[in-house]
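This is what each chain is made of:
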Amino acid sequence: MRILLYFLPKLIFASITMLGVSALVFLALRMIPGGYADVLLGPFVTPEAREAIAVRYGLDQPLLVQYLNWLGALFQGDMGVSMVTRAPVLDEFLRRAPVTLELALLALAFALAGGLPLGILAGIAPPGHRGGILARLVGALGASVPDFVLGSLLIFVFSVWSLWLRVGGYVSPIEDPVGNLRTMLLPALTLSLFGIALVLRTTRDAVLRVMTEGYITTALARGERPFDIIRLHVLRNSAIPIITVVTTYFGFLLGGAVVVEVLFSIPGIGFFIFSGLENRDYAIVQAGVLIAAAVFISINMLADLAYALIDPRVGSGRH
Amino acid sequence: MKMTRQQGILGLAFAAGLGMLTGLPGAAYAADDTIVWGKPGEITGFDAHVAGTVASWQMYQMVYETLLTTDDSMALQPGLAESWEQTSPTSYVFKIRPGAAFSNGRAVVAADVIGSLMRIKNPETASYWTAQLGTIAKIEAPDDHTVTVELEAPHTAFLAALAHVTAAIMPIKELEEGSFDPTSQLMGSGPFMVANHKQDESWSLTKNPHYWRKDATAPETLSALIIPDDSARMAALRDGRIDFTTFSNPDVALMLARDSNIEVLPQQTTNYYRMDVNAKSETSAFHDIRVRQAFNLALDRDAINDLVFAGSTTVDYPVPAAFGKDACHNTSTYALSREDRLSKAKDLLAEAGKPAPEITIMATSADPVYGRIAQVAQQSITEAGFKVDIVQPPVAEYLDKVFTKGEFDVSLSWLAGYTDPSMVIAWWNPNFAIWNQSFQEDVPALDTALEEVKSLPDGEIRDTKLVEICDMIDDGANLLALVSRTDYIAYRSDTIEVKVAKRSGSSNTFQFIYDFKSLD
Amino acid sequence: MFSIFGRIDRLSRFGFGLLVFLILLGLIGPYLPLGDPMRIGAGPRLSSPSWLFPFGTDELGRSFLPRVVDGIRATFLLSAVAVIITAIIGTLLGMVAGFFGGVADQVVARGADILFSFPAILAGLLIAAVMGPGQISAIAVISVATLPLFIRVVRSVTLGLASRGFIVAAQVAGASPWRVMIVHILPNIIGAVIVQLTYALSIGMIIESALSFLGLGGQAPYASLGSLLRQGSAYLTFAPWLVLSSGAVLSAAIMAVNLTGDAVRDALEPLKGRSLT
C-alpha cells in the first residue's frame, strides 16, 4: 500500500511525460523538410504523386486528426505501417528489439565487470596509490573517448588485421550463435567504455562517501578484514547510487545506441529509427522515440521501486 | 549482498562469453552454392515502376526483367522480348520470348507487357517514367506473344526507355487478382525471387526455377547484407562475409590494392555528376544569366577530376562522353583554357554588376563524394570572385528544397545518362522533365530543338542538331555536367566469378548476375 | 580557482594543463606557421605523416594538422557557447521553479522530465532534422540535452535555500522576489552551477562531435573534430592517421575538461575519504 501510494503520482506524471513526448515527436516530424514522397520518387516527385502518397498514408488529413488517429491506434497496439516496406511497424520493432537488448546486456555486463572492481579499488586506495591512479585514469579515459572514436579505432584494428572478431554484418544468434558473438562483441565493447567509466566513478564516489561513516571506523577499530568490510558494509551501503546510474545507463543503451548501431551496421532499434528518419518514414520514428522514452521512464521507475524496497525510508514522507 | 550476487551472475555470463570467444571454432559461414552481395543501401520502396533510386533499381534488377536490354556499347539487345521491329516511325512490334515465366511458373504473356506499360502510364501509379516512354496512342496484343505499340509521335528513345528497369514487366494477372501487391512485394521473371527480407538487415533471394536462361550459372541462393558504411563493407569483403559489392568512392581500388584476392572493376556509365543552378529564384544571384555563365566558366572540372577522383574519371558533357559524341566539346566551357575562362567569368560578373556574388552550394550528405566535389568547386570559383558556402543536408531535405520549393542557389547530384544521347538532354526542357521546373528556365528555342531531336534517327543530321543544342545548353548555364560517374564493383576472385559490363547506361550494374558463379 | 591548485592531485593538474594548452593552441593556431587548413591540393592526396605534413594530408590534399587545430577551436567554441547559454537559461528556470513553486514549478519540472526522457542523441537527430544541419542546430541540441542538468540541480538547491532564515528575512523586509533571487539565492547556487557547467561542457563536446560525425553538425569545409573524424572514416583502413589524430585530440580535449571538472568539483564539494589500510 505504501509502495502503491508512492507510485501512483509517479505513474500519472509518467503518463503526462509520455503524452508530451508523443506530441513533440509528432510535431517535430511534420516540421522536418522533405517527406517520404521525396525519398521514394527522388527528383521526379510531382504534386500529383505527392498527393497520391499523402492519401495512401493519411497525411492529407489535418494534423490534429492525424495525431489523434495515431494515438487511438497506439492504444489498440497498432503502430502503423512502414512507408518503405508497408510492413507493420510493431513487427519490425519486435524483430529488432532483441538485437538492441543483446547489445545493451553485453555492454552492461562489460561495464559492470570493468567498472565495479576498479571503482572499489579507486575508493579504498590510499591517496597516491598506483591502483587508484590507474582506476582514475581508466575512468577519465572512459568518460572522454566518444563511442564513435573507439568504434572507429576498433574497426581499423579489426579490418586491417583479420582477427577473429568481425566488423558489421549482423547475424541472428539463433541461426549462428558464434557468428553473432563475433559481430556483437566489438560494438558492445565500444558501448561499454562509457559504462565502465560511469560505474567506476559512481562506485568510487559511493565508496568514498561510505568510508566516512562511523560504522566503517568502528569496523576498522574492531579489526575486521578489509575484504569483509567492503562486502558487508561498503557495497551494501553504496548500492543505491550505483543502481541509479546503472539503470540510467541501461536506458541509454536501449534507446541511444544510434551512433554505434549505425557505425557497425547493427540492425537494432537505433539504426531503425535513424534510417526511418532519413526516409521520413514517420510511423517508425514516432513509435521508436516513444518506445525509447517509455523504456527510459519505466527503467527509472523500476529503479525507484528498487530503492523503495531496499531502503524503507523512501516513500515514508521524506520525499 | 544483492550487489555481490548480481555481480557474480554477471561475472559468470562474462566468463561464458569469453569461453565461447576462445573455445569454439568459427562456424562455416556461407552455405554451399550461395553468393553474398554487400548491398550499400536498402531499397526506398518496393514498386519498381515508381522508385527513382539506384539502391532500389539494383534489387529490382535481380527479380524483374525488361523487354529490352543493352550491351557494352549501349546497343539494344533482346530481353524479355525475343525480337522487335519498328514498322513505321511510330509503330513497334515486340515478340515475347517463349519460355519466359514469372517465378510462380506462369508464362509471361502479352497482357503482362501491356498491363505493365499501362500501369506506368496511369497517373495514379505516380511513375516518373511516364514521359520517357512518349505518348502511347494504342497498345494491342494480336496474340499471346505479340505486342504492338502505336505512338502518337515519333520518339527515338522509346526503345531505350523500355530497357530501364523502371519499365519492369510485372505479373499483371496476379496483380489484378490481388495475389501480388507491387508496393510491398517483388515478383518478376528475372533470375531470382525473394525468399526472405529483413529490412535494413538482409535479403535472401533464391533462383527463379522458371527462369528462361536454362544455362545460367547463378547459384541457388543470392543473399544480400545491407552494409552502408564503406569501411565496414571493405572489412566484410576481406573476411569473406560478402563476395561482391559496389562503391562510388574512386579511392576504393587504392584501398583494396593490397588484397590479392579482391578485384575492383570500374564500370563506365553514361551517368555524370551535375550541378543544378537555380535560374528561377529572385533571391539567388543566379537569377542573372551572366552570373550563371560566370559560374559555369569558373568551375574547374579538371581539378574535380584530379583532386576528388585522382584523375580516374573524365570531364563530362551534357551529351555524355560515353556515347562517343563530341557535340558539346567546342563550347567555351570546355574549349577555352582555365585562364581564359577565369577572365571571361570575371568580365561577366563585372558586367552583371556583381563582382562578388554570395552563393551556397548544396551537396547532400548521402555520399561523401558530393561534399568533396563541392569543396573543390568552392576553391575554383572563389578565384573568379564568388563568395561560397557549402551545406550538406540529408537527402529528403535536399530534394524538398531543390525540386519542390526551389530554395537554393546551386546543388550537386548526378544524372542518369540512360542509353540514348537524346534521353538525358531531354531533361533540359522543363516542360518535358517537370522535375526541374522549380529552377530550370524555359527556353522555347531549346525546347523545340529537343523535341525535334527525339524523332531524328541516329546519324549526321542528328549530330548537327546535337551541336546546336549543346550551344544553347551552355549558354543557359542552368544544369551543368561535371565529370563522369564511374561505378566500382569489388569482388572476391577466390570465391566467385563475375560478369560485369564495361559500360552501363541505366545503372544496370548487375545485368549479368545470372552469369555470376560461386567457386566454393 | 588557482588557490585550489595545491590540493588537487597530479592527474587533475595534468588535465588542467592540457586544457589550457589546447585552448591556447586553438586560439593562436591561425597565427602559427602550420599551413593553410583550407588549401586544397597543398600536397599529394592521402599522404602519410611527414615533416612537411605532420598529421598527413586528407583526401583533397589538405594538410591535416592545421585542420585539426581549427577543429579544436571550433569544437570548444561551439560547445562553450551552447553550454553557457544553457546554463543561464537553466539557472533562471531552476530558480523560478524552486523559489515560486506551485504551477511554475510543475511546468518547469515536467518540461525538464520530458526533455530528460528523450535519449539525447535521438533528440539531437530530430532537432538537427527540423532545423537543418549546421552550427545553430548543434547548439540547440546541446542546450536541449544539458538543460535538465541545470534545472534539476538549481531547482533543488533553491528549494533548500527558500526556507532558510536569511531568505525569509529578506522577504519579510520587503525585497522583491527577483531581488531575492539575484542578490541572495544566486550567489549560493553559483558553485553548483559551475560544477554542472563542467559536466555539461564535456557532454556538449561529445554531442557536437557525434552530430558532426553523423554529418549533422557544422558544414564543410568548416572543420570541427567530429567532422574531421567523419571525413577520415571513409579512409579508415588506408589513411588511418586522419581518424587517429583527430580522434586522439578530441578524446584528449574532452578528458582535459573532465579532469578539470573533477578538480573543480572536489574543491567546491569536498568529500574526504579515508584509507582502509
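What you see is a predicted model; the values in this text were computed from it and never measured. (Residues numbered from 1 in each chain as written. Chains lettered and ligands numbered in written order. Predicted model: local features only at pLDDT ≥ 70, side-chain atom pairs only at ≥ 80, totals over all residues. Heavy atoms only, no water.)

(A) Broad picture of the sheet that holds strand β7 (residues 146–151) of chain B. Residue and element names in this part refer to chain B. Spatially, four strands are ordered β4-β5-β7-β6 in an open sheet, and the strand pairing comes out antiparallel. Bordering the open sheet on either side are β4 (81–88) and β6 (136–143), each of which pairs with just one other strand. Averaged over all pairs of adjacent strands, the angle between strand axes in this sheet comes to 20 degrees, irrespective of strand direction. Across five bridges, strand β5 (residues 91–96) lies against β7 in antiparallel orientation. In the sheet register, Y92 faces β7, and the bridge partner there is V149. Here helix α3 (residues 110–121) sits on the sheet in contact with β5, β6 and β7, set at roughly 165 degrees to β6. (Pairing = 2+ DSSP bridges. Helix = DSSP H or I, 4+ residues; strand = E, 2+ residues; numbered from the N terminus. Axes fitted to C-alpha atoms, helices over the stretch in contact; angles between N-to-C directions. Contact = heavy atoms within 4.5 Å.)

(B) How the structure looks around the interface of chain C and chain A. With 44 residues of chain C at the interface, the matching set in chain A holds 55 residues. Taking both sides of the interface into account, the surface hidden between chain C and chain A amounts to around 4600 Å²; carbon and sulfur atoms contribute 76%. The interface formed by chain C and chain A includes one salt bridge. A salt bridge links A:R201 to C:D262, with the shortest nitrogen-to-oxygen separation between them at 2.9 Å. (Buried area = accessible area lost by both parts, 1.4 Å probe. Salt bridge = Lys/Arg side-chain N within 4 Å of Asp/Glu carboxyl O.)

(C) Structural detail: a nonpolar patch on the surface. Taken together, C:I23, C:L27, C:I28, C:Y31 and C:L32 make up a surface patch of nonpolar side chains, about 510 Å² in accessible area. Following the sequence through the fold, C:I23 ends up in helix α1 (residues 10–28). (Patch = residues over 30% accessible without salt bridge, like charges linked within 9 Å, V, L, I, M, F, W, Y side chains within 5 Å. Areas by Shrake-Rupley, 256 points an atom, 1.4 Å probe, with all protein chains shown as cover.)

(D) How the structure looks around the nonpolar core. Ranked by internal contacts, the top residues of the largest apolar core, which has 324 residues, are B:F94, B:F244, B:F295, B:I359, B:I361, B:F386 and C:L126. Looking at this core, the element that brings in the most residues is helix α2 (residues 64–100) of chain C, giving 13 residues. Beyond its immediate sequence surroundings of up to four residues, B:I361 is in contact with B:A374, B:A377, B:Q378, B:I381, B:V388, B:D389, B:I390, B:V391, B:V410 and B:L412. Core analysis: the second largest hydrophobic core is formed by 11 residues, A:V207, A:I216, A:A219 and A:I229 among them. (Core = buried A, V, L, I, M, F, W, Y, C linked by side-chain atoms within 4.5 Å. Buried < 20%, exposed > 50% of the residue type's maximum accessible area, 1.4 Å probe, protein only.)

(E) Region of interest: the UniProt feature "transmembrane region" (unreviewed entry) in chain C. Residues and elements named next belong to chain C. According to UniProt, the positions carrying the feature "transmembrane region" (unreviewed entry) are residues 12–32, 76–100, 112–130, 136–154, 189–214 and 234–257. Overall, residues 12–32 shows 81% helix and 0% strand. The separation of its end C-alpha atoms is 28 Å. Here residues 112–130 runs as 89% helix and 0% strand, with 20 Å between its end C-alpha atoms. (UniProt positions renumbered as here; feature names shortened; annotations may be inferred.)

(F) Focus on the pattern of salt bridges. Under the definition given, this model contains 38 salt bridges over all chains. Here C:E59 ties to B:R372 by a salt bridge, and the two come within 3.3 Å at their closest N and O atoms. Of this pair, C:E59 sits in the loop between α1 and α2 while B:R372 sits in helix α12 (residues 368–382), each in a different chain. For the pair formed by C:E59 and B:R372, the shared burial category is buried. For B:R492, the salt bridge goes to B:D494, with nearest N and O atoms at 2.9 Å. Here the salt bridges share partners, and the residues they tie into one network are A:E92, A:R95, A:R96, B:D200 and B:E201.

(G) Quick peek at the interface of chain B and chain C. The partner chain C presents 23 residues to the 24 residues of chain B that form the contact. Surface buried jointly by chain B and chain C totals about 2000 Å² across both partners, of which 51% is contributed by carbon and sulfur atoms. Taken as a group, B:L307, B:Q375 and B:Q379 account for 27% of the area that chain B buries against chain C, more than any other trio of residues on that side. Viewed at the interface, chain C and chain B are joined by two salt bridges. For the pair chain B and chain C, the interface holds nine residue pairs in polar contact (both at pLDDT 80 or more). By residue number, the principal contributor to the side of chain B that touches chain C is α12(B), which donates five residues. Considering only residue class, the side of chain B that touches chain C consists of 11 nonpolar, seven polar and six charged. (Polar contact = N/O pair within 3.5 Å; in protein donor to acceptor, adjacent residues only side chain to side chain. Nonpolar A, V, L, I, M, F, W, Y, C, P; charged D, E, K, R; others polar.)

(H) How the structure looks around the domain arrangement of chain B. Residue and element names in this part refer to chain B. For chain B, the assigned domains read domain 1 (2–64 + 183–267 + 486–518), domain 2 (68–177) and domain 3 (272–484). Tallying the contact residues gives 26 residues for domain 1 and 33 residues for domain 2. Buried surface at the junction of domain 1 and domain 2, both sides included, amounts to about 2400 Å², of which 57% is carbon and sulfur. In terms of surface lost to domain 2, no three residues of domain 1 exceed H49, M187 and W212, which account for 33% of the buried area on that side. (Domains from an automatic or database assignment.)

(I) Representation of the state of the cysteines within the structure. Residue and element names in this part refer to chain B. Under the counting rule described, the total for this entry stands at one disulfide over all chains. Note that C328 is cross-linked by a disulfide to C470, the S-S spacing being 1.8 Å. Of note, the bridge from C328 to C470 carries an S-S torsion of about -50 degrees and is left-handed in sense. Linking C328 in the loop between α9 (301–309) and α10 (332–335) with C470 in helix α17 (residues 460–476), this pair joins segments that are 142 residues apart in sequence. (Disulfide = S-S within 2.5 Å.)

(J) The arrangement of the packing of aromatic side chains in detail. Residues and elements named next belong to chain B. As enumerated under the stated definition, the model contains 37 aromatic pairs over all chains in all. An angle of 80 degrees between the planes, with centres 6.1 Å apart, marks the rings of Y273 and Y370 as edge-to-face. Separated by 97 residues along the polypeptide, Y273 in strand β12 (residues 262–277) and Y370 in helix α12 bring together distant segments of the chain. Exposure remark for Y273: the relative accessible area of 1% places this residue in the buried category. Considering the side-chain rings of F403 and W435, the 5.8 Å spacing of their centres and the 65 degrees angle between planes classify their relative orientation as edge-to-face. Here W435 lies in the loop between α15 (430–433) and α16 (444–455) and F403 lies in helix α13 (residues 395–405), a separation of 32 residues in the sequence. Residue F403 shares its accessibility class with W435, and that shared class is buried. Through successive ring pairs, a cluster of aromatic residues spans Y398, F403, F408, W427, F432, W435 and F439. Its end group placed over the ring of Y514, R213 keeps NZ or CZ at 3.8 Å from the ring centre. (Phe/Tyr/Trp six-rings, centres within 6.5 Å; stacked < 30°, edge-to-face > 60°. Lys NZ or Arg CZ within 6 Å of the ring centre and 35° of its normal.)

(K) Seen up close, unusual backbone geometry. All names here are of chain B. Of note in the backbone geometry, A126 takes a positive phi value of approximately 65 degrees without being a glycine. Position of A126 among the secondary structure elements: in the loop between α3 and β6. Overall, the relative accessible area of 11% leaves A126 in the buried class. Unlike most non-glycine residues, D200 shows phi in positive territory, near 65 degrees. Relative to the elements of secondary structure, D200 occurs in the loop between β8 (192–198) and β9 (202–207).

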